[in-house]
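What follows is each chain in one-letter form.
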Amino acid sequence: MLQFHEQIITDLLEEDSNGGLVIISSGLSLASLISSLLLLHSPSQGTLLLLSPSSTLKSHILHLLHQSDPSFPTPAEITADLPAPSRHSLYCSGEAVFITPRILIVDLLMSRVPTSNVAGIIIPHAHSLTETSTEAFIVRVLKSVNKNAYVRAFSDKPHSMISGFAKAERIMKSLFIKKLHLWPRFQVFVSQELEKDPSVVVDIRVPLTKHMAGIQKAIIEVMDACLKEMRKTNKVDVEDLTLENGLFKSFDEIVRRQLDPIWHTLGKKTKQLVSDLKTLRKLLDYLVRYDAVSFLKYLDTLRVSESFRSVWIFAESSYKIFELAKKRAYRFVQSNGANVNSNSKRTTKKRRKPDGEENHFESAAAGSSSTNSSSIVLEEVLEEAPKWKVLFEILLETNEERKKASLSVEEHLLVGTELDDGIVLVACKDERSCMQLEDCITKSSQKVMREEWEKYLLSKVELREAQARNKKKPKDPKGFGILDGVVPVTSAQSAEVSGISKQEHEALLAAASEIRKMAKNENTEDNAEDIAVTEGNAKGRKLRTRKGRQNNKNNHNRTGTSKKNDYASEHVSIENDQTNGADHGTADRICQRVLQENDQMNDDTQSKVNKALPPLHFYALESDQPVLDIMQPSVIIVYHPDMTFVRQIEVYKASNPSKKLKVYFLFYEESTEVQKFEASIRRENGAFESLIRQKSLMMIPVDQDGRCVGLNPSLEPQPSSLQNSITRKAGGRKDVDKQMQIIVDMREFMSSLPNVLHQKGMRIIPVTLEVGDYILSPLICVERKSIQDLFSSFTSGRLYHQVETMVRYYRIPVLLIEFSQDKSFSFQSSSDIGDDVTPTNIISKLSLLVLHFPRLRIIWSRSLHATAEIFFSLKANQDEPDETKAMRIGVPSEDGFVENDVRAESYNTSAVEFLRRLPGVTDSNYRAIMDGCNSLAELVLLPVDRLAELMGGQKAARTLRDFLDAKYPTLL
């Protein structure tokens, strides 16, 4: 263990306050602290409960446990699939156990946990807790019966601990914790140990390309414009609306937290600005993370999805983002074909010129001189990410250094010298970046960009075909030959801006169709030696040949000039053959052979380069796996800088002081990537400084019991006047108040309402209910809906069924609509409520629900605490609910009868439902039919006259009689 880890563990174990809250800097190995506590735990102390660590943290803890002590038993995990007896045996085992808060709180309330045998609880995510969270509920219930159980909470996200007013202090009170331990990166013990034997660090600043710098500048200008618009609303604190804060995800939380209480009063523009800032932050991130074609594809989706309602798209600088993104991938040159072919500079570049291929198009184009004088040439740019080349150079440099080191060892015959031949770890932000970088190394960057470009073009064609399928076919076609590579072009004089953009789009479609045809031809020519091809395919091959020549010319690892000379001469012969009307099949066979030689040359070159590279492993930072401990790399390339991963590298080097470690940092110079990395360090330091000030002013009573002031009016002292007024009644003796109890469905423990009800002094009985969520009395059943759940329940139709069952089994069915305390107490503004009933309006849906179920009562609650007060009022003068009866309601017995079914007491409900669905039977006559006959079998035998008497008319009786006597089709 590291020394500062030992110091943290010592402080926790030596405390007399039965636990503490530890806040450390991000990346300082929280898993090491928890695994050390598990190793120090003895079964004689009791059972140690670990509350719901994340899957990555849990795997890291198990890895460290096995690494430290292979004989240490793996902690068991309690899940919902484990039966109650098995869970009870684990609670009594005295070992460390992983468990979810929902299962533990239910077992605590049902007295399945031997609380005296619980040594303590470890909470690894204290920053996500509130006073109403399930973890606080668990600690309060446990502490009420076991004062000696300790609670140790951890957090490695200090910035989350300062959101809101005195969050750290409130969490400590709710968890019965009296000691706060702060361990920032700048703490003396931490900084001394991590900087004692540092690794070799190489900081490489890669300049942005001209187009990338232009896009970044344009995005920042648009973000600044959006922030200025946001400041004009006077709804948000101006200090928080800074460009630096806008680079982080927490900015959305800051803005939404301030706007949620007045969200329904905001205009559409303000709401859209909040969404636009999130989109722009993604654009900044994707610009430096992904390649040019992927970035362009994302922009295309934004143009479609946000073009009508977005604010940022109409900003002054937004057009630069789209234009420069296009220039990174391709560009269009408008000129006639002769000029393009005669220009030697342009013919050397990769280019797609969609020529006419079909005879009917050639005949049509021959009669129009304006069409021949102008055309659109698609010129491929496919700008590569600047970091790709730098990464490749670093890998070659690493391999050269290792070769030199091994030669020096052999020359000097040094015995016992360890060679630096460990794995090279490349850390990227996400899995997609890892896969793309791996392709760049194993294949080539040109080939990767080419594949992305082809995918992009083919997606254009697929979108066009999908639109064509869903669109009605017009009588007179407006165009022809687009997917065959033919682009009808208007004259330059009559072409407008919209016409040019349409031509560009059609040129992209033509290029995509050529790629698709080449792929089909390659599939059909795999096993054939000589196949005659058409003129159009030959021209397609010609385009492919030009692309191959350009790729070969741009390749840095050229193997020689002889193949290039042969290739150039054969290319010239192909052009001569085509111009002289020679055999196109011969030309295509020559072209195919040239392509095979070129691909083989590139593959041979790439394989030689790959042999010269050290062993590589690509790691996605978002996976959050203990890759450093498992791989033990000697060279780390931080492709996407991340503060947490940098700290993990420091801890890894401090834990292995004898290991030589070299770290490369790749930054884009003068980019938001650098600004975001530096700002993340400043934010964390500022968070710790704020926590240090809070700790110096913190007031936690020695006998604090975890109850927040004002939560339970029954616990507050009665005024003296009220006490004196009852002294004449039995000498002031007070009646013993019976504890109220509420039956709660198991599924409701995902919310915080049971916790608040328990804080109010109510007894919570968790059971599995078929009808309702909360049973307040034998007569009152409550179905609780949050706002999000209410909308989804209306959409799926689940709410109608739930209300129908409540009305059937309970005399007072209640629908509780619960709002969040920090959000607006309204569905929508009053101006949005119309006069008519509309099927999409939530108020209209509620009105129709109440009209259909007149006995339904709706309660509107502003917050969880308001709901608890309402429940207190509803339970006044009511009997306590019966647990066994509540569990049986809605559950059929062995005989098929349902207990307490209001309709089932006198009628067969299934038969009644069947009767009401027969033709001619309505809500006004089905009760008369039930009174006139005892069963469906008797109803079938009644004559028409008797049916007319019961159904109130001859027409309804004849409709039912015809339905009952109708012949049914058979297969005989």
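Residues numbered from 1 in each chain as written. Predicted model: local features only at pLDDT ≥ 70, side-chain atom pairs only at ≥ 80, totals over all residues. Heavy atoms only, no water.

If you check an unreviewed UniProt entry, the chain appears there as ERCC4 domain-containing protein from Trapa incisa. Under the heading Subcellular location (unreviewed entry), UniProt records this for the chain: "Nucleus". Comment text from UniProt for the chain, heading Sequence similarities (unreviewed entry), reads "Belongs to the XPF family." (UniProt positions renumbered as here; feature names shortened; annotations may be inferred.)

Looking now at the overall build of the chain. Scanning the chain from terminus to terminus reveals 39 helices and 21 strands. Looking at the chain as a whole, 47% of its 972 residues are labelled buried. Looking at the chain alone, contacts between residues at least 24 apart form 74% of all its contacts between residues at least 6 apart. In the structure as shown, the chain presents an accessible area of about 50700 Å², 52% of it carried by carbon and sulfur atoms. (Helix = DSSP H or I, 4+ residues; strand = E, 2+ residues; numbered from the N terminus. Buried < 20%, exposed > 50% of the residue type's maximum accessible area, 1.4 Å probe, protein only. Contact = heavy atoms within 4.5 Å. Areas by Shrake-Rupley, 256 points an atom, 1.4 Å probe, with all protein chains shown as cover.)

So, on to the sheet that holds strand β8 (residues 200-207). Sheet strands line up and pair through hydrogen bonds in the backbone, either parallel or antiparallel. Across the sheet, which stays open at both edges, the five strands sit in the order β8-β15-β14-β12-β13 with parallel pairing between neighbours. At either end of the open sheet lies a strand with only one pairing partner, and these are β8 and β13 (616-620). On average, each strand axis in the sheet is tilted by 20° relative to the strand beside it, whichever way the strands run. Bridging between strand β12 (residues 424-428) and β13 involves five bridges; their strand directions are parallel. Residue L425 lies in a different strand from β13, and its bridge partner there is H617. Packing of helix α27 (residues 672-697) onto the sheet brings it into contact with β8 and β15 (662-669), and relative to β15 it is tilted by some 120°. (Pairing = 2+ DSSP bridges. Axes fitted to C-alpha atoms, helices over the stretch in contact; angles between N-to-C directions.)

Scanning the entire structure with this criterion turns up 33 salt bridges. Taking the shortest distance from any N to any O, the salt bridge between D745 and R747 comes out at 3.0 Å. According to the relative accessible area criterion, R747 is partly exposed, its value standing at 49%. Connected through salt bridges with shared partners, the residues E783, K785, D789 and R798 form a single ionic network. (Salt bridge = Lys/Arg side-chain N within 4 Å of Asp/Glu carboxyl O.)

So, about the pairing of strand β20 (residues 812-818). Burial analysis of β20 places six of its seven residues in the buried class, which makes it a mostly covered element. In this sheet, β20 lies alongside strand β19 (residues 780-786) in parallel orientation, the contact comprising seven bridges. Paired with I780 across the two strands is I812, which belongs to β20. Pairing analysis gives five bridges linking β20 to strand β21 (residues 857-861), with the strands arranged parallel. Bridge pairing in β21 places I817 opposite W860.

Bringing helix α30 (residues 787-796) into the picture now. Helical periodicity: at 3.6 residues per turn, an α-helix aligns residues three or four positions apart in one direction. Among the residues of α30, L790, S793 and F794 are the ones counted as buried. Down the axis, α30 shows its buried residues gathered within 100° of arc, on one side only. Turned more than 90 degrees from where α30 packs its buried face, Q788, T795 and S796 sit exposed. Tucked into the core, α30 has its buried residues touching β19, α31 (798-809), β20 and α32 (842-852). (Arc of directions from axis to C-beta.)

Between its first and last C-alpha, helix α6 (residues 134-145) extends 17 Å over 12 residues, near the 16 Å set by a 1.5 Å rise per residue. Burial analysis of α6 places 10 of its 12 residues in the buried class, which makes it a mostly covered element. Every buried residue belonging to α6 is among T134, E135, A136, F137, I138, V139, R140, V141, L142 and K143, and all of these are buried. Of the surrounding secondary structure, the elements contacted by the buried residues of α6 are β2 (47-51), α5 (101-109), β5 (118-123), β6 (150-155), α7 (167-174) and α29 (753-759). (Expected span 1.5 Å × (residues − 1).)

Here we take up the pairing of β15. For β15, the tally of buried residues reaches seven of eight residues, placing the bulk of the element in the interior. Strand direction decides the pairing type here: β8 and β15, joined by eight bridges, are parallel. Each bridged residue has a counterpart across the sheet, and for I204 the counterpart in β15 is L666. In this structure, strand β14 (residues 635-638) lies alongside β15, joined through four bridges in parallel fashion. Paired with I637 across the two strands is Y664, which belongs to β15.

A few words on the sheet that holds β6. An order of β3-β4-β2-β5-β6-β1-β7 is seen for the seven strands of this open sheet, with the pairing classed as parallel. Only two strands of the sheet have a single neighbouring strand rather than two, namely β3 (76-78) and β7 (180-183). With direction set aside, neighbouring strand axes in the sheet form an average angle of 20°. One ladder, built from four bridges, connects β2 with strand β4 (residues 96-99); its direction is parallel.

With the rule as written, the count across this model stands at 13 aromatic pairs. Centre to centre, the rings of W312 and F322 are 6.1 Å apart; their planes meet at 10°, and the pair counts as stacked. Taken together, the residues span a long stretch of sequence, with W312 in the loop between α12 (292-306) and α13 (318-329) and F322 in helix α13 at a distance of 10 residues. With respect to class, W312 is no different from F322; both count as buried. With centroids separated by 5.2 Å and ring planes inclined at 55°, the aromatic side chains of Y800 and F853 adopt a geometry described as tilted. (Phe/Tyr/Trp six-rings, centres within 6.5 Å; stacked < 30°, edge-to-face > 60°.)

Judged by nonpolar contacts, the single largest core of 77 residues is most densely connected at L283, W312, Y330, W453 and I637. In this structure Y330 touches L296, L378, E379, E380, V381, W453, Y456 and L508, once residues within four positions along its chain are discounted. Within the second largest apolar cluster, 60 residues are counted, among which are I78, I742, L776 and A868. (Core = buried A, V, L, I, M, F, W, Y, C linked by side-chain atoms within 4.5 Å.)

Turning our eyes to something else, we now look at the packing of helix α9 (residues 210-232) against helix α11 (residues 268-289). At a closest axis distance of 10 Å, the pairing of α9 and α11 adopts a crossing angle of 160°. With respect to their mutual orientation, α9 and α11 come out roughly antiparallel. Both α9 and α11 take part in a crossing whose hand is left-handed. In contact with M212, I215, Q216, I219, I220, V222, M223, C226, L227, E229 and M230 of α9, α11 contributes K269, T270, L273, V274, L277, L280, L283, L284 and L287. Its residues assigned to classes, the contact of α9 with α11 shows 16 nonpolar, two polar and two charged. (Parallel < 35°, antiparallel > 145°, perpendicular 65-115°, else oblique. Left-handed = near helix turned anticlockwise from the far one by under 90°. Nonpolar A, V, L, I, M, F, W, Y, C, P; charged D, E, K, R; others polar.)

It is worth spelling out the environment of F667 at this point. With respect to the helices and strands, F667 occurs in strand β15. In this structure F667 comes out as buried when scored by relative accessible area, which is 5%. Along the primary structure F667 and L208 are separated by 459 residues, whereas in three dimensions their C-alpha atoms are 9.7 Å apart. Discounting chain neighbours no more than four positions away, the residues touching F667 are D203, I204, R205, V206, K387, P641, E673, V674 and F677.

Glancing now at unusual backbone geometry. Located in the positive-phi region is S111, a residue other than glycine, with phi close to 60°. Summarising the element assignment, S111 is placed in the loop between α5 and β5. Judged by its relative accessible area of 64%, S111 falls in the exposed class. One non-glycine residue, F176, lies in the positive phi region at around 60°.

Look at helix α2 (residues 30-40) against helix α3 (residues 55-68): their axes get within 9 Å of each other, and the N-to-C directions meet at 55°. Judged by the angle between their axes, α2 and α3 are oblique. Judged by the sense of rotation from one axis to the other, the crossing of α2 with α3 is right-handed. Along its contact with α2, which presents A31, S32, I34, S35, L38 and L39, the element α3 presents L57, H60, I61, L64, L65 and S68. A class-by-class count of the residues in the contact of α2 with α3 yields eight nonpolar, four polar and no charged.

Here the chain averages 75 in pLDDT, and 69% of its residues register 70 or above. Here residues 337-373 scores under 50 on pLDDT; set against residues more than four positions off or in separate chains, the count is 67 contacts. Confidence drops under pLDDT 50 across residues 527-602; counting only partners more than four residues distant or on other chains, this segment forms 72 contacts. (pLDDT = per-residue confidence, 0-100.)

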